[in-house]
Amino acid sequence: MSQKYRTHTCQALRPEHIGQTVQLAGWVNSRRDHGGVIFIDLRDREGLTQVVFRPDEFLAIAEKSHALRGEDVIQVTGSVAARLGGTANSRLATGAIEVVASDLVVLNKAEVPPFPLDDPKVNEDLRLEYRYLDLRTRPMQENLRLRHRIVKATRDYLDEAGFLEIETPILSNPTPEGARDFLVPSRLTPGHFYALPQAPQQYKQLLQVAGLEKYFQIARCFRDEDLRADRQPEFTQIDIEASFVDEVDIQTLIEGLLARVFREAKGQEIPVPFPRVPYSEAMNRYGSDKPDTRFGVELVDLADVFHASQFKVFRSIVDGKGTIKAINAKGAAEALSKEQLKKWEEWVKTEFGAKGLAYIRWKSGSEATGFDAWESPIVKFFSDEEKAALAARMGFEDGDVLFFGADLNWEPVCEILGRVRLRVSDLLKLVPANTPPHFLWVVDFPLLAFSPEDNKWVAVHHPFTRPKAEDMPLLEAGEYGKVRAVAYDVVLNGVELGGGSIRIHEKELQTKLFGILGVSPEEQQEKFAHLLRAFSFGAPPHGGIALGLDRFVMLAAGASSIREVIAFPKNNRGADLMTQSPTEVEYKQLRELYIQSTRKKEDKL
Ligand code: ASP
């Protein structure tokens, strides 16, 4: 590094440097005036060093220092001195010394920043508008450093495992990952459009047909979705594909990668292999396909308890072979008043379209005892035997709250109780801050799901996912809902880190799958001819996975949103507030593209 500006960083000086003349450069982090003696905390990427301007020693320089303001960029020359007795700052790595300035160059003055950089409560829109200032803060710098370390550890690991990093096009054709495409008009072929990749899915499979065998890419992906809480229209995946592998090979590779990344980036050991939980079990026990297993509150089946119930709602569900389940929020009765329980019910109705949320609250400390202390809109219909069996099954005790889900369909019961389970954990703080990370695989996903809105079968992952060999007869028999896929998701603390599958590599099977998904032969030719043709030229068995890098870094950093680990993210309306994108373009530009906007003035932006 050139020494034109500095001999040391602001993190480097220690007592052994005392007496040396040094040069530092950086930003004025803070400035204090102690009766004419000016103290500056000088900041660079590495840390802080205290600089003192003493008028009795260097009058002209000390006077100049009076004009310094926060965020000015300066260069200081001075000698390293011990801080005077008792003023050492043990919280700073450089806290035992200070630099007594003998020269000061102001490299650039700064306006007063629009917000105090160290205030954690600043409005996020303002932070995003001035992102280059926001990124100067220590937490943001640490997040970006962690991101770098994670990417580096990933590259090193995959390189050592024989993977080649290969770029794939950004201007490409649509690939179905279940979201809307971003389109880019082609000037050279008017009326035609590129799609930005939702994932490099087809390219990475074609690289397997091409005999590259082991591919990876830190790949930018684009999905034009309505931006729910923690999504970005462009995001980054660690994208992987390999030939001659089965699902255990891919899972083992990823376990090794995650263990390595946690060790190198966080100094933390994580045990491998991760538990493998079939989708049906994850839903049955935790009500989620990405279960948070750091706490219990598992879903318990109750259909047999109510097999002869007088309570019509439950009885008809039992008779219709439906599902009745409950969870026990242990000790929640105090925190959940009747009014709060009403609010929870409203929440499941509006958010998840549930019909209601039945509960029993065992009110503690009241006059009433035993079953009489059970507060509930439904309990009057239960016999004493049912109540006793229920309490025994659920471990229901004084002070607990039970929540019920009952429906003819299994999935919504699990899903809604799964949501309630997470809310119970938030309410009762069931995950202490120092809980070690819980990784697991969810495996054996269904291959297909029926979409009532579209009145057709849709791929649960994507249409290139392989059915399980033992379920092929079910596929042949048209029992599509029962066919499982060789697909797997890796989950960390209840968050899906990524997912993948072993793929279809035979032209006939891929054509059949397209057919089941309602993709007509003409459409197959139009959209997938290249893939089907490639499969006819000796495609090896292959499979892969993609991990969401942004989410991974967020979890590793303990950050609250993926925007905290992306240098220049969009806000939740898909806008970059700093550059003001997206933006209108000139009529001439559109004309060159043969494009005309149909937006009327009154259309909402
Ligand atoms: N392309 C998939 C995705 O982006 C991942 C995969 O199947 O490898 O989610």
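On a predicted model such as this, the values are computed, not experimentally measured, just so you know.

### A short note on the overall build of the protein chain
Reasoning step 1: Of the regular secondary structure elements, the protein chain holds 16 helices and 22 strands.
Reasoning step 2: Along the longest, intermediate and shortest principal axes, the C-alpha atoms of the protein chain span 95 × 80 × 55 Å.
Reasoning step 3: Residue burial in the protein chain is summarised as follows: out of 605 residues, 45% are buried.
Reasoning step 4: Taking as baseline every contact in the protein chain between residues at least 6 positions apart, the subset at least 24 positions apart corresponds to 67%.

### A few points about helix H13 (residues 507–516)
Reasoning step 1: Considered for burial, the residues of H13 that qualify are Leu509, Gln510, Leu513, Phe514 and Ile516. What you see down the axis of H13 is that its buried residues fit within an arc of 160 degrees, all on one side.
Reasoning step 2: The inward-facing, buried residues of H13 contact strand E18 (448–451), strand E19 (456–459), helix H12 (472–476) and helix H14 (521–535).
Reasoning step 3: Of the residues flanking the end of H13, it is glycine 518, one or two places downstream, whose phi is positive at about 80 degrees.

### Looking at the environment of lysine 321
Reasoning step 1: Of note, lysine 321 is situated in the loop between helix H8 (312–319) and strand E13 (323–329).
Reasoning step 2: Of the residues examined, lysine 321 reaches a relative accessible area of 75% and is grouped as exposed.
Reasoning step 3: The spacing of lysine 321 and alanine 265 is 56 residues in sequence and 50 Å in space, taken between C-alpha atoms.

### Considering the sheet that holds strand E3 (residues 48–53)
For sheets, the rule is that strands pair by backbone hydrogen bonds, running either parallel or antiparallel.
Reasoning step 1: The strand order around the closed barrel built from five strands is E1-E2-E3-E5-E4, with neighbouring strands paired in mixed fashion. Averaged over all pairs of adjacent strands, the angle between strand axes in this sheet comes to 55 degrees, irrespective of strand direction.
Reasoning step 2: Across seven bridges, the pairing between strand E1 (residues 21–34) and strand E4 (residues 73–82) is antiparallel. Paired with alanine 25 across the strands is glutamine 75, a residue of E4.

### Overview of the site of the ligand
Reasoning step 1: Looking at the ligand, the residues that line it are Glu177, Ala199, Gln201, Lys204, Arg223, Gln237, His462, Gly499, Gly500, Arg503, Ile545 and Ala546.
Reasoning step 2: Arginine 223 places a polar side-chain atom, nitrogen or oxygen, 3.1 Å from an oxygen atom of the ligand.
Reasoning step 3: Compared with its free state, where it exposes 270 Å², the ligand has 88% of that area covered by protein.
Reasoning step 4: Those elements that provide at least two residues to the shell around the ligand are helix H5 (201–209), strand E21 (495–502) and strand E22 (542–548).
Reasoning step 5: Class assignment of the residues belonging to the shell around the ligand gives a composition of three nonpolar, five polar and four charged.

### Brief notes about unusual backbone geometry
Reasoning step 1: For the peptide bond that leads from valine 272 to proline 273, omega is -5 degrees, which places it in the cis range.
Reasoning step 2: Here proline 273 shows up in the loop between helix H6 (247–266) and strand E11 (276–278).
Reasoning step 3: Cis peptide bonds are those with omega within 30 degrees of zero, and the linkage from serine 581 to proline 582 qualifies with 0 degrees.
Reasoning step 4: Although it is not a glycine, asparagine 493 sits at a positive phi angle of roughly 50 degrees.
Reasoning step 5: Topologically, asparagine 493 is positioned in the loop between strand E20 (487–492) and E21.

### A closer look at the packing of H5 against H14
Reasoning step 1: Packing of H5 against H14 brings their axes to within 10 Å, and their N-to-C directions diverge by 25 degrees. Regarding the angle of H5 to H14, the classification is roughly parallel. The two elements H5 and H14 cross, and the hand of that crossing is left-handed. In this structure, H5 uses Gln202, Gln205, Leu206 and Val209 to contact H14, whose residues at the interface are Phe528, His530, Leu531, Ala534 and Phe535.
Reasoning step 2: Tallied by class, residues from the contact of H5 with H14 come to six nonpolar, three polar and no charged.

### Re the nonpolar core
Reasoning step 1: If you look at the biggest cluster of nonpolar residues, it comprises 52 residues, and the most contacted ones within it are Ile327, Val401, Phe403, Val420, Leu448 and Leu475.
Reasoning step 2: Excluding its chain neighbours within four sequence positions, the residues that come into contact with valine 401 are Ile327, Asn328, Ala329, Ala332, Ala333, Leu336, Leu341, Tyr359, Ile360, Arg361 and Phe396.

### Points about the sheet that holds E21
Reasoning step 1: Judged by pairing direction, the sheet is mixed, and its eight strands sit side by side in the order E6-E9-E10-E22-E21-E20-E17-E11 without closing on themselves. In this open sheet, the two strands that pair with only one neighbour each are strand E6 (164–165) and E11.
Reasoning step 2: Summarising the sheet, E11 and strand E17 (residues 439–443) pair through three bridges and their orientation is parallel. Looking at E17, one finds that valine 277 is bridged to valine 442.
Reasoning step 3: Against the sheet, H6 touches strand E10 (234–243), E11, E17, E20, E21 and E22, its axis set at about 30 degrees to E22.
Reasoning step 4: Sheet strands in contact with helix H7 (residues 279–286) are E11 and E17, and its direction is about 85 degrees off that of E11.

### Considerations on the layout of surface pockets
Reasoning step 1: Taken as a whole, the second largest pocket spans an internal volume of roughly 1,500 Å³.
Reasoning step 2: As for the second largest pocket, its lining consists of 32 residues, and the residues nearest its centre are Phe182, Pro582, Thr583, Glu584 and Val585.
Reasoning step 3: Elements with a contribution of two residues or more to the lining of the second largest pocket: strand E7 (183–185) and helix H16 (587–592).

Rules used throughout
Residues numbered from 1 in each chain as written. Predicted model: local features only at pLDDT ≥ 70, side-chain atom pairs only at ≥ 80, totals over all residues. Heavy atoms only, no water. Helix = DSSP H or I, 4+ residues; strand = E, 2+ residues; numbered from the N terminus. Buried < 20%, exposed > 50% of the residue type's maximum accessible area, 1.4 Å probe, protein only. Contact = heavy atoms within 4.5 Å. Arc of directions from axis to C-beta. Pairing = 2+ DSSP bridges. Axes fitted to C-alpha atoms, helices over the stretch in contact; angles between N-to-C directions. Near = heavy atom within 4 Å. Polar contact = N/O pair within 3.5 Å; in protein donor to acceptor, adjacent residues only side chain to side chain. Areas by Shrake-Rupley, 256 points an atom, 1.4 Å probe, with all protein chains shown as cover. Nonpolar A, V, L, I, M, F, W, Y, C, P; charged D, E, K, R; others polar. Parallel < 35°, antiparallel > 145°, perpendicular 65-115°, else oblique. Left-handed = near helix turned anticlockwise from the far one by under 90°. Core = buried A, V, L, I, M, F, W, Y, C linked by side-chain atoms within 4.5 Å. 1 Å grid on protein atoms, 1.4 Å probe; cavity = no way out; pocket = protein on both sides within 12 Å on 5 of 7 lines; lining within 4 Å. Points joined across faces, edges and corners; volume = space filled by probe spheres on them.

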